[in-house]
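Inside the fold
Here is how the chains run, residue by residue.
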Amino acid sequence: MTIFKTLIAIAAATGLVTSTAHAGIVADQEQLMIDASAGFLGVGGDSEQKLAQTFTVGVDGELVGLRLPIAGCGRGDLLLEIRELDGVRPEGRLLRAVTIPGDEVQVSYEGFQDFFFPAGLDVAAGDRLAFTVQTVGEDSYCSYATAPVGDLYPSGEGYFDSRPNPPGWISWKEFPTDPQDLAFATLLDDPTVGSMSSGRCVIPGRIDPSTGLPLELPISRFVPACRCFEDAGAREFRCGVLHPDFFAIRRVPFPLTLGKPYEETWQFAPLADLDGPVKITLEGGGFEKPVQISFPVKQKFSAKSAVSAITRTAGQTITVKAMAPEKPGMIPGVAIFEYDMKDAESPYQTRFGLDTTLEENMFGQ
């Protein structure tokens, strides 16, 4: 099987060309790494090569365009399409298309540039789609900067269709030593992100009477910060805790299946030499009874003092089994952090809670 490449030197791999024709545009899905030494993938030319990339929409919104590392078109025009998938392949129903005159594509490579469709496409988090890149016109060809080798975008995969191979899309996964994805970004206008009441640093055991939720920690420069967000592409919720001495991330898959077990993971990375273990007690939110975990998983001991001397090490991960409820609904929960920080400037640096409430929108059927 043949992949058509052009070996034009890339002058600048980090530039970014953006359009000012649209306001409120944000990049949703993206893989922006480029291998400046690999030259370009050919589009069109004698091989009639077409490129495609499947992707998973991250948030609800209107898909309006693509950000692509096109180096220019020597002849003919550039054709971009958005398609549904036929199974996993980028050959389903055509949803949007735009033809860009070749002389409107930047002649020399200056980084990514934005291309917009005549009309936006309403998309929802979790939708699986594909975009295709091809040329139109006799002897037409364009150049597309090459991504590094490897699976750099796990929520989709790259494809090509090139002569002398038989017609049809071929996945790059058949070529482990080649790039597995294109460099790209999908552009959304006015995306909407679901709100969550969880993801707040809270005071253990204190309830806000006005909301019935755990009382939020008063944020200052002395206390930890907490935040949760949804990644529909990765199909998980993530909650991060930033403490002066460490960083912790909680990952919960979604949607959760009612009445079924699931696994959540906790990742931990020290930011300084620790004064002792970081103990976490998980209550509610999928746990029938409190579950206790502790970081670091392994401790080093000083031969002179025979006391724990916990030093900064690489990140560690613990997996915890939990159970989704039988019926959908908001399931309150909290993770209580206890850490004997010697130079703490606030009592909340030694004991605080992370709101781990399970929201109703986390549950499937």
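Refer to the preceding data block for the structure.
Okay, so let's go over this structure.

Quick notes on the rules
Counting of residues starts from 1 at the beginning of each chain's written sequence and follows it residue by residue. Thresholds applied to this predicted model are a pLDDT of at least 70 for local features of residues and 80 or more for the giving and counting of side-chain atom pairs; totals over whole chains, interfaces and linings are not thresholded and use all residues. Neither water nor hydrogens contribute to the side-chain values; these are computed over all heavy atoms in the structure. Put simply, DSSP marks the helices as runs of H or I at least four residues long and the strands as runs of E at least two long, and each gets a number from the N terminus on. Using a 1.4 Å probe on the protein chains alone, a residue whose accessible area is under 20% of its type maximum counts as buried, one over 50% counts as exposed, and one in between counts as partly exposed. The contact criterion used is simple: two residues touch if any of their non-hydrogen atoms lie within 4.5 Å. Using the Shrake-Rupley algorithm and a 1.4 Å probe, accessible areas are obtained, with residue cover drawn only from the displayed protein chains. Identification of polar contacts relies on pairs of N or O atoms within 3.5 Å, with a donor-acceptor requirement for protein atoms, meaning one able to donate a hydrogen and the other able to accept it, and with residues adjacent in sequence counted only if both atoms are side-chain atoms. Patches here: salt-bridge-free residues with over 30% relative accessible area, like charges joined within 9 Å, nonpolar side chains (Val, Leu, Ile, Met, Phe, Trp, Tyr) joined within 5 Å. Basic side-chain nitrogens of Lys or Arg form a salt bridge, by our definition, when they fall within 4 Å of a carboxyl oxygen of Asp or Glu. Two aromatic rings from Phe, Tyr or Trp, using only the six-membered ring of Trp, form a pair when their centres are within 6.5 Å; if the ring planes differ by under 30 degrees the pair is stacked, by over 60 it is edge-to-face, and anything between is tilted. Any two strands with at least two DSSP-identified bridges between them are counted as paired. The disulfide definition used here is simple: a pair of cysteine sulfur atoms within 2.5 Å. Simply put, an axis is a line fit to the C-alpha atoms, just over the touching stretch for a helix, and the angle between two N-to-C directions goes from 0 to 180 degrees. Among buried residues, those of type Ala, Val, Leu, Ile, Met, Phe, Trp, Tyr and Cys that are joined through side-chain atoms within 4.5 Å constitute a nonpolar core.

We now examine the overall build of the chain. A count of helical and extended segments in the chain gives zero helices and 23 strands. Per-residue burial for the chain yields a buried fraction of 50% across its 365 residues. Counting contacts in the chain only where the partners sit at least 6 residues apart, residues at least 24 apart contribute 72% of the total. Accessible area of the chain: about 17,500 Å², with a carbon and sulfur share of 52%.

Turning our attention to the side chain of Glu-264. One can find Glu-264 in strand E18 (residues 261-270). Here the side chain of Glu-264 touches Arg-250 through a polar contact of 3.1 Å, side chain to side chain.

Together, Leu-242, Phe-247 and Leu-271 make up a nonpolar patch on the protein surface, roughly 240 Å² of accessible area in all. Structurally, Leu-271 is set in the loop between E18 and strand E19 (278-284).

Evaluated as defined, the whole model comprises 11 aromatic pairs. For the pair Phe-55 and Phe-131, a centre-to-centre distance of 6.4 Å together with 40 degrees between the ring planes defines the contact as tilted. Remark: Phe-131 occurs in strand E9 (residues 128-145) and Phe-55 occurs in strand E4 (residues 50-56); sequence separation between them is 76 residues. Per residue, the accessibility class of Phe-55 equals that of Phe-131, and both read buried. Seen from their ring centres, Phe-246 and Phe-337 are 6.2 Å apart, and the 10 degrees between their planes marks the pair as stacked.

Here the focus is the pairing of strand E10 (residues 158-161). The two faces of E10 match: Gly-158 and Phe-160 on one face and Tyr-159 and Asp-161 on the other face are all buried. The sheet contact formed by E4 and E10 spans four bridges and is antiparallel. For Lys-50, the partnering residue across the bridge sits in E10 and is Asp-161. As defined by bridge partners, E10 adjoins strand E11 (residues 170-171) across two bridges and the pair is classed as antiparallel. Paired with Tyr-159 across the two strands is Ser-171, which belongs to E11.

Considering all chains together, one arrives at two disulfides under this definition. Each disulfide pairs two cysteine sulfurs, and for Cys-73 the partner residue is Cys-142, the sulfurs being separated by 1.9 Å. Where Cys-73 bonds to Cys-142 through sulfur, the torsion about that S-S bond is close to 100 degrees, and the disulfide is right-handed. Taken together, the residues Cys-73 in strand E6 (residues 70-84) and Cys-142 in strand E9 connect sequence positions 69 residues apart.

Applying the stated rule across the entire model yields 13 salt bridges. Of the charged contacts in the structure, one is a salt bridge between Glu-84 and Arg-93, with a shortest N-O distance of 2.9 Å. Judged by its relative accessible area of 53%, Arg-93 falls in the exposed class. Ionic pairing is found between Asp-161 and Arg-163, a salt bridge with its closest N-O pair at 2.8 Å. Taking the relative accessible area as the measure of exposure, Asp-161 reaches 4% and is therefore buried.

This brings us to the sheet that holds strand E22 (residues 333-338). Read across the open sheet, the six strands follow the order E14-E13-E23-E22-E19-E20; overall the sheet is antiparallel. The sheet is open, and its two edges are formed by strand E14 (214-216) and strand E20 (287-295), each paired on a single side. In this sheet, neighbouring strand axes are inclined to one another by 35 degrees on average, regardless of whether the strands run parallel or antiparallel. Of the pairings in the sheet, the one linking E22 to strand E23 (residues 351-355) comprises five bridges and is antiparallel in character. Paired with Val-334 across the bridge in E23 is Asp-355.

On to unusual backbone geometry, then. The amide bond that connects Arg-163 to the next residue, Pro-164, takes the cis arrangement and shows omega of 15 degrees. A cis geometry characterises the amide bond from Phe-295 onward to Pro-296, with omega recorded as -10 degrees. Relative to the assigned elements, Pro-296 resides in the loop between E20 and strand E21 (316-323). Positioned with a positive phi, Asp-139 is a non-glycine residue whose angle comes to about 55 degrees.

A word on the environment of Leu-258. Note that Leu-258 resides in the loop between strand E17 (246-253) and E18. Sequence separation between Leu-258 and Glu-326 is 68 residues, and the spatial gap between their C-alpha atoms is 5.1 Å.

Let us look at the nonpolar core. By size, the foremost hydrophobic cluster in this structure holds 37 residues, and its most contacted members are Trp-266, Ile-280, Phe-337 and Leu-354. Non-local contacts of Leu-354, meaning those with residues more than four positions away in its chain, are made with Gly-199, Arg-200, Val-202, Cys-226, Cys-239, Val-241, Trp-266, Gly-333, Val-334, Ala-335 and Phe-337. Core analysis: the second largest hydrophobic core is formed by 35 residues, Val-43, Val-57, Tyr-153 and Phe-160 among them.

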